[in-house]
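# Chains, contacts and geometry: an overview
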Amino acid sequence: MNKQARSGYILMLALMTVSVGVVMVTSLYQVSQVYLSFLRRARLQHEARAVAYSGPQIVRAQLAKILLKEQEDKKKKTESSKSNDKIPGKPKKAQPEPASATKGLGPSQELLLLLNSWQTFELDERKDGVDATLKIYLSCEQGKVDLNHLSTIFKKQEKAKKDSIKTASKQKEEEQLFTKFFAKLGKIGGGQRAQMLKALKATLIKREYNWYDATELLDNKELKPLASQIYPSAPEPKNSTVKEVKPKSSLENQISINDLFTVDTSSSCLVPWALSRSVCVLLGIPALRSASEEKLKLLASKPIGTGKDSAKVWNAHLAPLYKKKWSALPKLAQKLLSNECGATVFSVVSYAYVGGVVHGVWTLIRMVHTAHNKSNKQEAQVRFEIVKMIDI
């Protein structure tokens, strides 16, 4: 009896030991699978982040190439002017300084083709080290509404309203300036249009110091629906495993906060030829980039440089492309539009798709003039610096 009891005890102990071993091995296998899955995901996220960060560098190279071309064109014009001056009896003509030298890039065909459009780069692992899709959206900050300038306008209107008695018709006219310009803004996020417009104007008037970021508007609870679209959304690549794909029409008529407002321009210029896609949606005009390359080339060849009357420039050169006369624009838009500066500040939205992972980056690029010593002589140099980067 004792021998049989001992044998059963040993058998039970062996079975228990094997069971514990199986549980431990199963648990270790499950943990390792979770870790391997996490490791793969982390690797894809790292690769996507690296690819997304390459987007602003590509744009810097593109802008530098455009600037170099403008400088070469300027040099050719200068040489041609000097040779003409040597011809006796021929009157000398004053050559206007190009925008790239003092006030930023001008409306060249290359720049117009890049602005407000999505560029797509397909990367291959054999050539580039990673299988990925990179999408880049370039916009000009001078083509967006400056929040600080807009606040100044409405503060002056509010002060004038308190200091003087205005007729009801005059007050209604000023209200229409604002309402007509931002009429389509209330459609974002399903918010109540009237409440949003009222809250936006009140927020702009109450602000006692400069705006540092357009997303500060979201501090007002009435403007929370604007949070549904902060940055422009890219059309998903065909081979993407991401399920959320927005229809093309919604992307073309999309209004996003950072594509509509800016706080990063040193001037109040809203450059007519560099209007962002969101501003075009508000004004009810097609984006300039939707025009054919031939029309953009023709526009670039016309003298729409800085310092010229905005209304004349619009009617003569831009109205055929925007399909709207200057007189048909909202009065507030006419106040904001100015042709006194070129493109000096740009923003880039870059999305990288690697496997099932998407990573986005918003970048601010500024055109900076510096002095460089060369052979005991100071030479003016221009470069494009990254001022700000935000992961989105």
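This one's a predicted model, so the numbers in the text were calculated from it and none came from an experiment.

## Examining the overall build of the protein
Helix and strand counts for the protein stand at 13 helices and seven strands. By the burial criterion, 41% of the 392 residues in the protein qualify as buried. By sequence separation, contacts in the protein at least 24 residues apart represent 70% of the contacts at least 6 residues apart. Of the roughly 22700 Å² of accessible surface on the protein, a fraction of 55% belongs to carbon and sulfur atoms.

## Structural notes on the environment of R49
Turning to its location among the elements, R49 is positioned in helix α1 (residues 2-85). Sequence separation of R49 and H359 is 310 residues, and the distance between their C-alpha atoms is 5.7 Å. Leave out the neighbours within four places in its chain, and R49 touches H359 and D391.

## Comments concerning empty space enclosed by the protein
Under the criterion given, the structure shown has three cavities of 30 Å³ or more. Along its surface, the largest cavity is lined by E141, D213, A214, N258, F261, T262, V263, D264, W362 and K388. Each residue belonging to the lining of the largest cavity can be placed in one class, and the counts come to four nonpolar, two polar and four charged.

## Some thoughts on the nonpolar core
Counting 81 residues, the largest nonpolar core has L105, F261, W273, L275, W314 and F346 as the members making the most contacts within it. Looking at which element gives the most residues to this core, the answer is α1, with eight residues. Those residues in contact with L275 that sit more than four places away from it in its chain are N116, G143, L270, C280, L283, I285, W314, Y322 and L337. One finds Y231, A234, W362 and L364 within the second-largest nonpolar core, a separate group that totals nine residues.

## Some points on the environment of K144
For K144, the location among the structural elements is in the loop between β2 (132-140) and β3 (145-146). Residue K144 is classed as buried on the basis of its relative accessible area, which comes to 1%. The contacts of K144, once residues within four sequence positions are left out, are S139, N258, D259, L260, F261, T262, L270, S276, V279 and S347. A polar contact is formed between the side chain of K144 and the backbone oxygen of N258, at a distance of 2.9 Å.

## A look at the pairing of strand β5 (residues 345-354)
For β5, a buried count of 10 out of 10 residues is recorded, marking the element as mostly surrounded by other parts of the structure. Alternating positions in β5 separate into two faces, V345, S347, V349, Y351 and Y353 on one and F346, V348, S350, A352 and V354 on the other, with burial throughout.

## With respect to a nonpolar patch on the surface
Together, Y35, L36, F38 and L39 make up a nonpolar patch on the protein surface, roughly 440 Å² of accessible area in all. Note on F38: relative accessible area 56%, which makes it exposed.

## Digging into helix α12 (residues 310-322)
Taking 1.5 Å of rise per residue, 13 residues should cover 18 Å, yet α12 covers just 14 Å from first to last C-alpha, more than 12% shy of that figure. In α12, a bend of some 45 degrees at A316 exceeds every other bend along the element, and P320, a proline, comes one to four places later. Along α12, the residues classified as buried are S310, V313, W314, H317, L318, A319, L321 and Y322. Buried residues along α12 sit in contact with α10 (277-283) and α11 (293-300).

## Some details on the pattern of salt bridges
Taken as a whole, this structure holds eight salt bridges when the rule is applied. A salt bridge links E110 to K69; the nearest nitrogen and oxygen atoms lie 3.9 Å apart. Of this pair, E110 sits in helix α3 (residues 109-114) while K69 sits in helix α1, placing them 41 residues apart in sequence. By relative accessible area, which is 37% here, K69 ends up partly exposed. For R383, the salt bridge identified is with E385, shortest N-O distance 2.3 Å.

## Remarks on the packing of aromatic side chains
By the definition in use, this model includes seven aromatic pairs. Between W118 and Y137, the ring centres sit 5.1 Å apart and the planes meet at 40 degrees, which makes this aromatic pair tilted. Taken together, the residues span a long stretch of sequence, with W118 in strand β1 (residues 118-123) and Y137 in strand β2 at a distance of 19 residues. You can call Y137 buried: its relative accessible area is 2%. Aromatic pair W314 and Y322: ring centres 4.8 Å apart, planes at 15 degrees, arrangement stacked. Relative accessible area serves as the criterion here: at 0%, Y322 is assigned to the buried category. The ring of W211 carries the charged tip of R207 above its face, separated from the ring centre by 4.1 Å.

## Focus on the side chain of S350
Here S350 shows up in strand β5. On the accessibility criterion, S350 (0% relative accessible area) is buried. A polar contact of 2.8 Å, which involves the side chain of S350, links it to the backbone oxygen of A52. When sequence neighbours within four positions are dropped, the list of residues in contact with S350 reads A52, G55, P56, L134, K135, I136, H359, G360 and V361.

## Some details on the confidence of the model for the protein
Looking at the protein as a whole, its pLDDT mean stands at 78, while 75% of the residues score no less than 70. Taken together, the stretch residues 93-102 has pLDDT below 50 and engages in 15 contacts with residues farther than four places along the chain or on a different chain. Note that pLDDT drops below 50 for residues 242-249; the model gives that stretch eight contacts with residues more than four away or on any other chain.

Analysis parameters
Residues numbered from 1 in each chain as written. Predicted model: local features only at pLDDT ≥ 70, side-chain atom pairs only at ≥ 80, totals over all residues. Heavy atoms only, no water. Helix = DSSP H or I, 4+ residues; strand = E, 2+ residues; numbered from the N terminus. Buried < 20%, exposed > 50% of the residue type's maximum accessible area, 1.4 Å probe, protein only. Contact = heavy atoms within 4.5 Å. Areas by Shrake-Rupley, 256 points an atom, 1.4 Å probe, with all protein chains shown as cover. 1 Å grid on protein atoms, 1.4 Å probe; cavity = no way out; pocket = protein on both sides within 12 Å on 5 of 7 lines; lining within 4 Å. Points joined across faces, edges and corners; volume = space filled by probe spheres on them. Nonpolar A, V, L, I, M, F, W, Y, C, P; charged D, E, K, R; others polar. Core = buried A, V, L, I, M, F, W, Y, C linked by side-chain atoms within 4.5 Å. Polar contact = N/O pair within 3.5 Å; in protein donor to acceptor, adjacent residues only side chain to side chain. Patch = residues over 30% accessible without salt bridge, like charges linked within 9 Å, V, L, I, M, F, W, Y side chains within 5 Å. Salt bridge = Lys/Arg side-chain N within 4 Å of Asp/Glu carboxyl O. Expected span 1.5 Å × (residues − 1). Bend = angle between axes of the 7 residues up to and from the residue. Phe/Tyr/Trp six-rings, centres within 6.5 Å; stacked < 30°, edge-to-face > 60°. Lys NZ or Arg CZ within 6 Å of the ring centre and 35° of its normal. pLDDT = per-residue confidence, 0-100.

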